[in-house]
Amino acid sequence: MIAIRPYRVEDRPAMFEVCVKTADAGQDASGLFTEDDLWGLIFAVPYVERHPDLAWVVEAGDGRVVGYIVATDDTDAFEQWFRDEWWPRFADRFPRPVTPQTREEKIVEYAYAREPGREPNTAEYPAHLHIDLLPETQGQGLGRRLIDTLLAELRSRGVRGLHLGMDPANIGAAKFYERLGMQQLPTEPGSLAFGIRL
């Protein structure tokens, strides 16, 4: 039986796996980069490092983690921590590209460029999330349950709103967020953002 439960430290390897298996606009991104872990080091694992209390996983009947939601309740504080404490640990492994050309170089540059104040929607929507579900779990209401779980926790903390950014190519995800009552927000070209007031 599939269940949603709070994140545990032993789930960390699964965070990397689920992240890469869904990173290419919802499809498997394995082998696209020189290191598959790059996806998780930017979009999943830093969140469970900083906010394990804002992370839940989907556990299949056989014990595998097949999905997750991770978040921060304060985007600007998170981005400062990411820039100053998290990403410097990986500078030798992923040097900053001089002129990013490839998709991998652009993702690495994105990691280096993260900083507080860069995201335009944080005043009204200070929290943000990342959610990923393996294809075998989709269409079962688990995404909605994960988001409802997170929103309840954010409301209990008095957080005023939540936003998320996504790849515009992931059309199914965009429709999902709209069904949840999220509104499209202004964002930089080549990206798509949604938000919800709490």
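The following paragraphs examine the structure supplied in this document. (Residues numbered from 1 in each chain as written. Predicted model: local features only at pLDDT ≥ 70, side-chain atom pairs only at ≥ 80, totals over all residues. Heavy atoms only, no water.)

Overview of the overall build of the protein
- Tallying secondary structure elements over the protein gives seven helices and seven strands in all.
- For the protein, the succession of helices and strands along the chain, N to C, is β-α-α-α-β-β-α-α-β-α-β-α-β-β.
- The C-alpha atoms of the protein give 16 Å as radius of gyration, which agrees with the globular expectation for 198 residues (16 Å, within 12%).
- Evaluated residue by residue, the protein yields a buried proportion of 48% over its 198 residues.
- Counted over contacts in the protein with a minimum sequence separation of 6, partners at least 24 positions apart contribute 70%.
- Accessible area for the protein stands at about 9700 Å²; split by element, carbon and sulfur atoms hold 49% of it. (Helix = DSSP H or I, 4+ residues; strand = E, 2+ residues; numbered from the N terminus. Rg over C-alpha atoms; globule rule 2.2 N^0.38 Å. Buried < 20%, exposed > 50% of the residue type's maximum accessible area, 1.4 Å probe, protein only. Contact = heavy atoms within 4.5 Å. Areas by Shrake-Rupley, 256 points an atom, 1.4 Å probe, with all protein chains shown as cover.)

Considering the sheet that holds strand β2 (residues 55-59)
- The seven strands are arranged β1-β2-β3-β4-β5-β7-β6 in an open sheet whose pairing can be described as mixed. Every other strand in the sheet has two partners, leaving β1 (3-6) and β6 (183-185) as the edge strands with one partner each. With strand direction ignored, the average angle separating the axes of adjacent strands in the sheet is 30 degrees.
- By the bridge criterion, three bridges tie β6 to strand β7 (residues 192-197) in an arrangement that is antiparallel. By the bridge assignment for β7, Q184 is matched with F194.
- Its contacts with the sheet put helix α4 (residues 75-86) on β3 (65-72), β4 (127-133) and β5 (161-166), and the angle it makes with β4 is roughly 70 degrees. (Pairing = 2+ DSSP bridges. Axes fitted to C-alpha atoms, helices over the stretch in contact; angles between N-to-C directions.)

Topic: the nonpolar core
- Judged by nonpolar contacts, the single largest core of 66 residues is most densely connected at W39, W87, L129, I147, L150, L162 and Y177.
- If sequence neighbours within four positions are ignored, L162 has contacts with Y125, A127, H128, L129, L150, L151, L154, M182, F194, G195 and I196. (Core = buried A, V, L, I, M, F, W, Y, C linked by side-chain atoms within 4.5 Å.)

What to know about the packing of aromatic side chains
- Evaluation of the coordinates by the stated rule reveals 13 aromatic pairs.
- Here the aromatic rings of F33 and W39 are separated by 4.4 Å at their centres, their planes lie at 10 degrees, and the arrangement is stacked.
- Taking the relative accessible area as the measure of exposure, F33 reaches 6% and is therefore buried.
- Positioned above the aromatic ring of F82, the side-chain terminus of R114 is 4.1 Å from the ring centre. (Phe/Tyr/Trp six-rings, centres within 6.5 Å; stacked < 30°, edge-to-face > 60°. Lys NZ or Arg CZ within 6 Å of the ring centre and 35° of its normal.)

Comments concerning α4
- The end-to-end C-alpha separation of α4 is 14 Å, well short of the 16 Å expected for twelve residues at 1.5 Å each.
- Within the span of α4, buried status applies to T75, F78, E79, W81, F82 and W86. Mapping the buried residues of α4 onto a view down its axis gives an arc of 160 degrees, with all of them on the same face.
- For α4, the N-terminal cap is D74; the gap from its side-chain oxygen to the backbone nitrogen of D76 is 3.3 Å. (Expected span 1.5 Å × (residues − 1). Arc of directions from axis to C-beta. Polar contact = N/O pair within 3.5 Å; in protein donor to acceptor, adjacent residues only side chain to side chain.)

A look at the pattern of salt bridges
- Within the structure shown, the criterion is met by 20 salt bridges.
- For R157, the salt bridge is made with D53, and the minimal N-O distance between the two is 2.6 Å. With R157 in the loop between α6 (142-156) and β5 and D53 in the loop between α3 (45-50) and β2, this residue pair connects regions lying 104 residues apart in the sequence.
- R157 sits in the partly exposed class, given a relative accessible area of 31%.
- Take D53: its relative accessible area is 41%, and that puts it in the partly exposed class. (Salt bridge = Lys/Arg side-chain N within 4 Å of Asp/Glu carboxyl O.)

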